[in-house]
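A closer look at the structure
Residues per chain, in single letters:
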Amino acid sequence: MAQKKTTRKTTAPSNLTDRVRLLQKRLRPSGASALLLTNPRDIRYLTGFVGDDSWALIPLRSSKAYILSDFRFDEQIAKEAPHAQAIIRKKSLAEELATLANRLRLNKVALQPDYLTLAQRKPLAKHLGAKRLLKTDDGLLQQRAVKDADEVKAIRKALAIQQQAFRETCQFMKHGQTENEVAAYLEYRMRALGADGVSFPSIVAADANGSLPHAVPGKAKIKAGGSVLIDWGARYNGYCSDMTRVVALGKMKPKIEEVYQIVLDAQMAAIEAIEPGKKLSEIDKVARDVITKAGYGDQFGHSLGHGLGLDIHEQPVLSGKAKGVLVPGHVVTVEPGIYLPGVGGVRIEDDVLVTPKGHKVLSDLPKSLESAII
Ligand SMILES: [Mn+2]
């Protein structure tokens, strides 16, 4: 009897080969014959495999990637990473890697120093030989900063989900609810609308709590005539989105209204300045100048924004200290803020794609002062 062939639906991104080729090309001059991936995010980026407790080996002169994993992930690897060969380990990861490296005649194996502990390196040195281990910069942070079409699509979808959940949450919010209740509803809606989950724990900060840039939602109540700062994000297909809005129930306090308009002006000016070739530090300065000129420079104590992707904070960073320039494919948050202890805070955040000619704002929830009164 002929064996029935089961066709498995793969979830692998379509650009995997391009991503691997780019990495191989960059690493060849380093003298490495392969790169050992120990960062789960990089493993996902280059193979499609989402599980943990696994390593991946990318030889530099072959199109095949290897995933060293265990029984739990056998089926998952076939589905998520059809281009990779799974090695379901019977011994330790280090021993299996040594066997594989010998079989493939790999001379030098490059490691990811930021994602390998000393405890993990020791058995590697023992089984593979310390001389075969190479410390190198794999350049993946820079590579991952430039998003391909698949990635932009996933971020757009994450944004669509988080924005719909926010609109529903604005309908739901009422005087007397706690920050926690609002956060729970918002996160529930994102999940129900198809998100993998949140991209980070949501911030819902009522009134004076809004002056803490990383406030944790608690028992404080939202009140009519008060303001609420909400910083939230969805994850879709592994990709994060990230936005912040400030809304007021019924009316906004004059002080909050004043700084709201300043933050909005700063944010829009910075977004307008985004185009390929512009210095990262210059974009930060555009927003900072607006806020400083209005007299609140000291109340804007963080950098303007950050890249986002499989991680919520990625390259590039929009800060005064950042080196480098924007290139097409960068996706960055633009999120200036003014924080007034005891009074409250305003931060407005959107996600922006750098295009060949300029930029495209991927998020589109209203943000005018009028729209902030709900
Ligand atoms: Mn952010």
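The model shown is predicted, which means the values in this text are computed figures rather than measured ones.

When you go through the protein residue by residue, the secondary structure sums to ten helices and 19 strands. Referenced to the eigenvectors of the C-alpha coordinate spread, the extents of the protein come out at roughly 70 × 50 × 40 Å. Evaluated residue by residue, the protein yields a buried proportion of 44% over its 374 residues. Of all intrachain contacts in the protein linking residues separated by at least 6 positions in sequence, the fraction that spans at least 24 positions is 66%.

This part covers helix H7 (residues 149-172). Residue pairs spaced three or four apart in an α-helix point in one direction, given the helix's 3.6 residues per turn. Between its terminal C-alpha atoms H7 stretches 35 Å, which fits the 34 Å expected from 24 residues at 1.5 Å a residue. Those residues of H7 that fall on the buried side of the exposure criterion are Glu-151, Ala-154, Ile-155, Ala-158, Leu-159, Ile-161, Gln-162, Ala-165 and Thr-169.

The subject of this paragraph is the domain arrangement of the protein. Its domain assignment divides the protein into domain 1 (16-144) and domain 2 (146-372). Spacing between the C-alpha centres of domain 1 and domain 2 amounts to 36 Å. Every element with two or more residues in the side of domain 1 that touches domain 2 is listed here: helix H2 (40-47) and helix H6 (140-145). Residue composition of the side of domain 1 that touches domain 2, by class: three nonpolar, two polar and three charged.

The next subject is the sheet that holds strand E4 (residues 84-88). The six strands are arranged E4-E3-E2-E1-E5-E6 in an open sheet whose pairing can be described as mixed. Edge positions in the sheet fall to E4 and strand E6 (133-135), since each has one partner strand and no second. Across the sheet, the mean angle from the axis of one strand to that of its neighbour is 30°, orientation sign disregarded.

Right, let's get into unusual backbone geometry. The bulk of non-glycine residues show a negative phi, and the bulk of peptide bonds are trans. In this model, Gln-315 is joined to Pro-316 through a cis peptide bond whose omega is -5°. At Asp-53, a residue that is not glycine, the phi angle is positive and equals roughly 55°. Mapped onto the elements of the fold, Asp-53 is located in the loop between H2 and strand E2 (55-59). Judged by C-beta crowding, with 11 C-beta atoms within 10 Å, Asp-53 ranks as exposed. Of note, Arg-105 is a non-glycine position whose phi angle comes to about 55°, a positive value. You can see Arg-105 is positioned in the loop between helix H4 (93-103) and strand E5 (109-111).

Once that is clear, we can look at the environment of Thr-292. In this structure, Thr-292 sits in helix H10 (residues 280-293). Note: C-alpha distance between Thr-292 and Ala-266 (26 residues apart in sequence) is 9.8 Å.

Our focus in this paragraph is the sheet that holds strand E12 (residues 243-248). The antiparallel open sheet is built from three strands, whose spatial order is E8-E9-E12. Every interior strand has two partners, whereas the edge strands, strand E8 (203-206) and E12, have only one. Sheet twist, expressed as the average angle between the axes of neighbouring strands with direction ignored, equals 15°. Most of the contacts of helix H8 (residues 179-192) go to E8, to which it runs at about 150°, and overall it touches E8 and strand E9 (227-232).

Before going further, it helps to spend a moment on the pairing of strand E14 (residues 314-318). Side chains on a regular strand alternate between the two faces of the sheet. Burial within E14 is extensive, with five of its five residues counted as buried. In this sheet, E14 lies alongside strand E13 (residues 305-307) in antiparallel orientation, the contact comprising three bridges. Bridge pairing links Gly-307 to Glu-314 in E14. In sequence, E13 turns back onto E14 through a hairpin of six residues.

Next up on the list: H4. Those residues of H4 lying buried are Leu-93, Ala-94, Glu-96, Leu-97, Ala-98 and Ala-101. Buried residues along H4 sit against strand E1 (34-37), E2, strand E3 (65-69), E4, E5 and helix H5 (118-128).

Where helix H9 (residues 254-272) contacts H10, the two axes come as close as 8 Å, and the packing angle between them is 155°. In this view, H9 runs roughly antiparallel relative to H10, as classed from their interaxial angle. Pair H9 / H10 crosses with right-handed handedness. Note on element contacts: H10 touches H9 through Ile-283, Val-286, Ala-287, Val-290 and Ile-291, opposite Ile-262, Asp-265, Ala-266, Gln-267, Ala-269 and Ala-270. In terms of residue class, the contact of H9 with H10 is made up of nine nonpolar, one polar and one charged.

This part takes up the packing of H4 against H5. The contact between H4 and H5 brings their axes to 9 Å, and the two run at 35°. With respect to the hand of their crossing, H4 and H5 are arranged in right-handed fashion. Side by side, H4 and H5 meet where Ala-94, Glu-95, Leu-97, Ala-98 and Ala-101 of the first sit next to Pro-123, Leu-124, His-127 and Leu-128 of the second. Looking at the contact of H4 with H5 residue by residue, the classes come out as seven nonpolar, one polar and one charged.

Each value, and the rule that gives it
Residues numbered from 1 in each chain as written. Predicted model: local features only at pLDDT ≥ 70, side-chain atom pairs only at ≥ 80, totals over all residues. Helix = DSSP H or I, 4+ residues; strand = E, 2+ residues; numbered from the N terminus. Buried ≥ 20, exposed ≤ 12 C-beta atoms within 10 Å, placed from the backbone. Contact = placed C-beta atoms within 7 Å. Expected span 1.5 Å × (residues − 1). Domains from an automatic or database assignment. Nonpolar A, V, L, I, M, F, W, Y, C, P; charged D, E, K, R; others polar. Pairing = 2+ DSSP bridges. Axes fitted to C-alpha atoms, helices over the stretch in contact; angles between N-to-C directions. Parallel < 35°, antiparallel > 145°, perpendicular 65-115°, else oblique. Left-handed = near helix turned anticlockwise from the far one by under 90°.

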